[in-house]
Amino acid sequence: KVVKETKKSRKEIEDDMNKRKEKTHGLLSDYGAIYAVAKGYGIDFSGKDLTITKIKDVKPTSSVNICGSAKVVFSVRGFQRKDGSEGKFASVILMDNTGEIRLLLWDQNSDVIKQLHIGDILLVKNAYAKDNNGIIEAHAGSLSNLLINPPGLSIELPRIEEKRFNINELQKDMSSVNLIARVTSYFPRAEFTRQDGSSGSRASFIGEDKSGKMRVILWDRNSDIRLDDGDFVKIENGYVKEGLNKDLELHVGNKGRILATKEKIDLPLIDTKVAELKINGIIPNISGINTIARVLRVYEPREYAKGVMASL
């Protein structure tokens, strides 16, 4: 089938298989090699008789096919391997009529989440399963094949109803927050050093919907997204914290993600004129202030309980 669909000779395909086997020092079987070659050309030869294991029946194994509805989609995270190289992974909670399982998507497979949304069906072929402290997890590695909303699927799956919030419904310490918001007052990505010496990055903006406004903080990989005032975004799996001024903030950390969306909210046009306050007009309990002033004195930064503060 691979020869026919690629229009290459049998020898060319066998040479490609042997190269892949050599790279793994003989650990890759003939089946694994031809599967890898087929995947490289985008060929699926599992056929219609694919055996799909129910989630409750998944046991530690080197090969399993599973299918489920995406209940939660987590953002991509980076890590460093023992040899010093950089890797990445993402994860998804999949659910069928028998239960749910965490699926880890390694390296290139993690790119799938760019197209995956809550409620989508994900079919995973040739995954492997491991026991992680008594909890079975599925892993999509280099030989796995993933399909989003595959046509002609004959199994029944639960329909995931995504719960979305309005901004005025958010309360301190809430988690698993999903909502749609319009971006205003966007502050681009900036890097910083944590107290443990590691590097991080953050961006922020004021998000608004029909019910109100709230500052949204994007951490690390989520801060890489490029936004403009007026963009509409979808936030998944955010969490709510109280900010320095006791105002509530919505944070999108390593378990959450932010996506551009075509969904719109009927809101008034953004006023591009910036209102500037004079210093004698600045009073307690107001925020979002814009002012122009001359600097008279700059004070050295100093540490406090939650970080570092500078003033002028």
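Conventions used here
Residues numbered from 1 in each chain as written. Predicted model: local features only at pLDDT ≥ 70, side-chain atom pairs only at ≥ 80, totals over all residues. Heavy atoms only, no water. Helix = DSSP H or I, 4+ residues; strand = E, 2+ residues; numbered from the N terminus. Expected span 1.5 Å × (residues − 1). Buried < 20%, exposed > 50% of the residue type's maximum accessible area, 1.4 Å probe, protein only. Arc of directions from axis to C-beta. Contact = heavy atoms within 4.5 Å. Core = buried A, V, L, I, M, F, W, Y, C linked by side-chain atoms within 4.5 Å. Polar contact = N/O pair within 3.5 Å; in protein donor to acceptor, adjacent residues only side chain to side chain. Pairing = 2+ DSSP bridges.

Caption draft 1: Quick look at helix α2 (residues 10–23). Spanning 14 residues, α2 covers 20 Å between terminal C-alpha atoms, matching the ideal 20 Å at 1.5 Å per step. Those residues of α2 that sit buried are I13, D16 and M17. Buried positions in α2, seen along its axis, are confined to an arc of 100° and lie on one side of it. Counted as exposed and oriented over 90 degrees from the buried face of α2: K11, K19 and E22. Contact partners of the buried residues in α2: α1 (2–6) and α3 (30–40). Following α2 by one or two positions, H25 has its phi on the positive side, about 55°.

Caption draft 2: Highlighting unusual backbone geometry. For K7, which is not glycine, the phi dihedral falls at a positive 60°. Residue classification places K7 among the exposed residues on the basis of a relative accessible area of 76%. A positive phi angle is found at S185, which is not glycine, with a value near 50°. Residue placement: S185 occurs in strand β8 (residues 177–193). Exposure remark for S185: the relative accessible area of 37% places this residue in the partly exposed category.

Caption draft 3: The arrangement of the nonpolar core in detail. Ranked by internal contacts, the top residues of the largest apolar core, which has 23 residues, are I66, V92, L94, L103, L122, V124 and L146. Listed by contribution, the elements that provide at least two residues to this core are β1 (61–73), β3 (86–96), β4 (99–106), β5 (121–132) and β6 (135–140).

Caption draft 4: Here's a closer look at the side chain of S110. Structurally, S110 can be placed in the loop between β4 and β5. A residue is classified by how much of its surface remains accessible, and S110, at 0% relative accessible area, is buried. A polar atom in the side chain of S110 sits 2.6 Å from the backbone oxygen of D107. Excluding its chain neighbours within four sequence positions, the residues that come into contact with S110 are V76, K88, F89, A90 and L105.

Caption draft 5: Structural detail: the pairing of β4. Pairing between β3 and β4: eight bridges, direction antiparallel. Each residue of the ladder has a partner; that of S91, found in β4, is L104. One ladder, built from four bridges, connects β4 with β6; its direction is parallel. Residue pairing across strands places R102 opposite E137, the latter belonging to β6.

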